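# Remarks on the overall topology
Residues per chain are reported as follows:
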Amino acid sequence: MAKNIKFINFGYTFDVYKDNVYLDTFRLNMMGDYNIQNALFAISTCLKLGVSLDKIKSALANFKGVKRRNEIISFIKKTPVIIDYAHHPTEIKESLKGAFSVYQNPLVIFQPHTYSRTLKLFDEFLNVLKVENIVIFKTYPARENEIIGGRAIDLFEKLDVENKHYFEDIFKLLNYIDKTIEKAKPQAILVLGAGDLAENLRKELNKNSKN
């Protein structure tokens, strides 16, 4: 089990106990409570296979995670921009839980993935996205034609929160992010979804950082 969990520098430190006996303090450079659980599974497996604690600690500390899973892609005025592939209500719930546990007032941006999924899970999306300071971006259609009732704009209009915004243009979105950082001072920008928005933001932000 993990005890004394601390969020430090976009990751965690935590003490690991086995059979109530302290083993060591580990560092994980990833966000999300579920990643601590994953780390415990990895530690247990490695110990079972006879891997030394030093090697396990080093491997965890140097593991950067997988692309688009709570990945910090850039900073805007020192505010981290984090992308997460979460596109199903259950995944979104866990991602939001992790973000709100370590950041104050994060700006949440969600891009629905396909019209059919949005329509099928419409009420679940409405429930999980009830957070203040949220942006809905136009649907990533993938292989589908537009389905009225399953569009991002439909989700936005039915979302029962006060501070909500809708965008279809990435440059207008970036302008809004910039203004929001100045006024609301969110500690993080969290971009959720399996569509193209995350990678397009990565390109634009990297382009700006080189200029």
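Residues numbered from 1 in each chain as written. Predicted model: local features only at pLDDT ≥ 70, side-chain atom pairs only at ≥ 80, totals over all residues. Heavy atoms only, no water.

For the rest of this paragraph, the subject is the sheet that holds strand 6 (residues 107–110). One open sheet holds the six strands; their spatial order is 4-5-9-6-7-8, and the pairing between them is mixed. Because the sheet does not close on itself, it has two edges, and the strands there are strand 4 (71–76) and strand 8 (164–167). On average, each strand axis in the sheet is tilted by 20° relative to the strand beside it, whichever way the strands run. Sheet analysis places strand 5 (residues 79–84) next to strand 9 (residues 189–192), joined by four bridges and oriented parallel. Of the residues in strand 9, the one forming a bridge with Ile82 is Leu190. Sheet contacts for helix 3 (residues 89–102): strand 5, strand 6 and strand 9; angle to strand 9, the most-contacted strand, approximately 170°. Helix 7 (residues 170–183) rests against strand 4, strand 5, strand 6, strand 7 (134–137), strand 8 and strand 9 of the sheet, and its axis sits at about 165° to strand 6. (Pairing = 2+ DSSP bridges. Helix = DSSP H or I, 4+ residues; strand = E, 2+ residues; numbered from the N terminus. Axes fitted to C-alpha atoms, helices over the stretch in contact; angles between N-to-C directions. Contact = heavy atoms within 4.5 Å.)

What follows concerns the environment of Ile83. With respect to the helices, strands and loops of the structure, Ile83 is situated in strand 5. Given a relative accessible area of 0%, Ile83 falls into the buried group. Sequence separation between Ile83 and Gly193 is 110 residues; the distance between their C-alpha atoms is 8.2 Å. Discounting chain neighbours no more than four positions away, the residues touching Ile83 are Arg68, Arg69, Asn70, Glu71, Ile73, Val191, Ala198, Glu199 and Arg202. (Buried < 20%, exposed > 50% of the residue type's maximum accessible area, 1.4 Å probe, protein only.)

You can see Thr79 is positioned in strand 5. Residue classification places Thr79 among the buried positions, given a relative accessible area of 7%. Residues contacting Thr79, with those up to four places away along its chain left out, are Ser74, Ile181, Pro186, Gln187, Ala188 and Ile189.

What follows covers the sheet that holds strand 1 (residues 2–7). Pairing is antiparallel across the open sheet formed by three strands, whose spatial order is 1-2-3. Only two strands of the sheet have a single neighbouring strand rather than two, namely strand 1 and strand 3 (21–28). The mean angle between the axes of side-by-side strands here comes to 15°, regardless of whether they run parallel or antiparallel. When strand 2 (residues 12–18) meets strand 3, the two strands line up antiparallel, connected through seven bridges. By the bridge assignment for strand 3, Val16 is matched with Asp24.

As paired strands, strand 1 and strand 2 are joined by four bridges and run antiparallel to one another. Across the sheet, the residue bridging to Ala2 is Val16, located in strand 2. Two successive antiparallel strands, strand 1 and strand 2, enclose a turn made up of four residues, where Asn9 displays a positive phi of approximately 50°.

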